[in-house]
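Listed below are the residues making up each chain.
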Amino acid sequence: MKKLSGYAIKIDNITKVFYDAKGKGRVVLDNVSLNINAGDFVSLLGPSGCGKTTLLRIIAGLEEKTSGGISVFGMSPRDARVKNTYGFVFQDPSLLEWRTVLENVCLPLELKKVPKKKRIEIAREKLSLVDLSAYEKNYPSELSGGMKQRVGIARALVTEPEILLMDEPFSALDEFTKERLYNDILRIWQKTNKTIVFVTHNINEAVKLSNKVCVMTTNSAKIAKVAEIDIPYPRKRNVDFINKVSEIKEIFEGYFYENI
């Protein structure tokens with residue numbers, strides 16, 4: 001995999017406060033800073049309510065920060081989104097049931113008014129990347145959960161985004177399907193050099209996939225630590241893997257006990 005240089009995303013002291021109907025504020029992110037290199041696979045790891053999805057949405061330009069700074073390849077998140085810098089993969093791929101697999105993957109290009117012949121060519125290329133070429137004429141109701149998620153990944157890639165944003169995309173799937181998709185997404189990452197920001201609450205998943213893990217904690221609404229994962233790919237559940245999982249668990253426990 002060719003090593004890219006420079007920052008894809010720079011986050012400087014971002015704070016996000018949500019206000020209720022009475023004007024009472026709840027701090028979801030508290031002075032969070034993070035630099036993500038181009039070509040990194042970074043997991044935002046933490047329990048429910050720690051702000052990891054909010055941070056992803058701010059990166060995507062779908063949520064406004066309360067204070068602080070952020071740039072995406074030197075642009076604001078909103079400008080980056082307009083320029084199709086992002087591809088999105090969510091827990092629910094939200095495929096259109098009345099469209100075939102090929103038609104679902106073509107949809108972003110259709111909205112961009114790419115000529116039909118060209119968009120079909122690109123969509124077929126991405127379906128081949130996720131090993132679903134044989135299913136292009138099938139409808140979503142005819143697919144397994146894992147296959148639907150692979151269609152979602154292909155659809156996210158058709159606009160050739162530089163950054164792939166993934167919000168707990170595998171959490172609803174069984175362990176066997178997850179393992180297949182882990183291999184798929186790592187193969188795609190290594191082949192395309194995309195920058196991936198991946199939200200998860202699963203420590204094993206984060207260690208399996210990422211070269212960096214941002215450990216986020218509920219009590220502090222901060223990034224507790226950015227852990228480098230230097231285990232060679234493909235990663236097996238060996239001693240090094242188990243030790244890294246234990247190291248990250250200790251970070252969570254340390255911050256929990258410091259804040260009670």
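Everything discussed here concerns the structure shown above.
Residues numbered from 1 in each chain as written. Predicted model: local features only at pLDDT ≥ 70, side-chain atom pairs only at ≥ 80, totals over all residues. Heavy atoms only, no water.

**Some details on the pattern of salt bridges**
For clarity, the cut-off: A carboxyl oxygen of Asp or Glu within 4 Å of a side-chain nitrogen of Lys or Arg is what we treat as a salt bridge. The way it works is that DSSP assigns letters per residue, a run of H or I at least four long becomes a helix, a run of E at least two long becomes a strand, and they are numbered from the N terminus. We call a residue buried when its accessible area falls under 20% of the maximum for its residue type, exposed when it is over 50%, and partly exposed in between, using a 1.4 Å probe and counting protein chains only.
According to the stated counting rule, one finds 19 salt bridges in the structure shown. Residues Asp 184 and Arg 187 are paired through a salt bridge, measuring 3.1 Å at the closest nitrogen-oxygen approach. With Asp 184 and Arg 187 both in helix H6 (residues 175–192) and three residues apart, the pair spans about one turn of that helix. Given the relative accessible area of 4%, Asp 184 is considered buried. Through salt bridges with shared partners, one network takes in Asp 131, Arg 150, Arg 180, Asp 184 and Arg 187.

**Focus on unusual backbone geometry**
Here the bond from Tyr 233 into Pro 234 is cis, since omega is -10 degrees, no more than 30 degrees from zero. Its place among the elements puts Pro 234 in the loop between strand E9 (222–228) and helix H8 (239–258). Notably, Asn 13 is not glycine yet its phi reads approximately 50 degrees, a positive angle. Structurally, the position occupied by Asn 13 is in strand E1 (residues 7–19). Look at Glu 160: it is not a glycine, yet its phi comes out positive at around 55 degrees.

**A word on the nonpolar core**
Short version of the rule: We call a set of buried residues a nonpolar core when its members are Ala, Val, Leu, Ile, Met, Phe, Trp, Tyr or Cys and they connect through side-chain atoms within 4.5 Å of each other. Pairs of residues are marked as contacts when any of their non-hydrogen atoms sit within 4.5 Å.
Counting residues in hydrophobic clusters, the biggest one holds 36 residues, and the most contacted among them are Phe 41, Leu 164, Met 166, Phe 170, Ile 185 and Ile 196. Contact partners of Phe 41, with chain neighbours within four places excluded, come to Ile 185, Leu 186, Trp 189, Ile 196, Phe 198, Leu 209, Ser 210, Asn 211 and Lys 212. Among the nonpolar cores identified, the runner-up in size contains 30 residues, and Ile 14, Val 32, Leu 56 and Ile 59 belong to it.

**Here's the deal with the packing of helix H3 (residues 101–111) against helix H4 (residues 116–129)**
Here is the rule: Lines fitted to C-alpha atoms define the axes here, with helix axes fitted over just the stretch in contact, and angles between the N-to-C directions of these axes take values from 0 to 180 degrees. Comment on the angle field: the value is read as roughly parallel under 35 degrees, roughly antiparallel over 145, roughly perpendicular from 65 to 115, and oblique elsewhere. The crossing is said to be left-handed when, going from far helix to near helix, the turn is anticlockwise and less than a right angle, and right-handed when the turn is clockwise. The residue classification treats Ala, Val, Leu, Ile, Met, Phe, Trp, Tyr, Cys and Pro as nonpolar and Asp, Glu, Lys and Arg as charged. All others, Gly included, are polar.
For the pair H3 and H4, interaxial distance at closest approach is 9 Å and the crossing angle is 120 degrees. Considering the angle they form, H3 stands oblique to H4. Regarding H3 and H4, the two cross each other, and that crossing is right-handed. Touching Val 101, Leu 102, Val 105, Cys 106, Leu 109 and Glu 110 of H3 are Arg 119, Ile 120, Ile 122, Ala 123, Arg 124 and Leu 127, all from H4. Looking at side-chain class alone, the contact of H3 with H4 contains nine nonpolar, no polar and three charged residues.

**A look at the side chain of Glu 205**
To be explicit about the condition: In this charge count, Lys and Arg are treated as positive and Asp and Glu as negative; neither His nor the chain ends contribute.
Take Glu 205: it is sitting in helix H7 (residues 203–209). It is Lys 178 that comes nearest to the buried, bridge-free Glu 205 among opposite-charge side chains, at 4.9 Å. The contact partners of Glu 205, leaving out residues within four places of it in the chain, are Phe 170, Lys 178, Tyr 182, Phe 198 and Thr 200.

**Some thoughts on the packing of aromatic side chains**
Put simply, the test is: Two aromatic rings from Phe, Tyr or Trp, using only the six-membered ring of Trp, form a pair when their centres are within 6.5 Å; if the ring planes differ by under 30 degrees the pair is stacked, by over 60 it is edge-to-face, and anything between is tilted. Any Lys NZ or Arg CZ that is within 6 Å of a ring centre and within 35 degrees of that ring's normal is treated as a charge sitting over the ring.
Taken as a whole and assessed by the stated rule, the structure comprises seven aromatic pairs. Ring geometry for Phe 88 versus Phe 90: centroids 5.9 Å apart, planes at 10 degrees, classification stacked. When its relative accessible area of 27% is taken as the criterion, Phe 88 is described as partly exposed. Here the aromatic rings of Trp 189 and Tyr 233 are separated by 5.6 Å at their centres, their planes lie at 70 degrees, and the arrangement is edge-to-face. With Trp 189 in helix H6 and Tyr 233 in the loop between E9 and H8, the pair connects residues that are 44 residues apart, well separated along the chain. In this structure Trp 189 comes out as buried when scored by relative accessible area, which is 3%. One aromatic cluster in this structure is built from Phe 41, Phe 170, Tyr 182, Trp 189, Phe 198 and Tyr 233. Sitting above the plane of the Tyr 233 ring, Arg 235 keeps its charged end 3.9 Å from the centroid.

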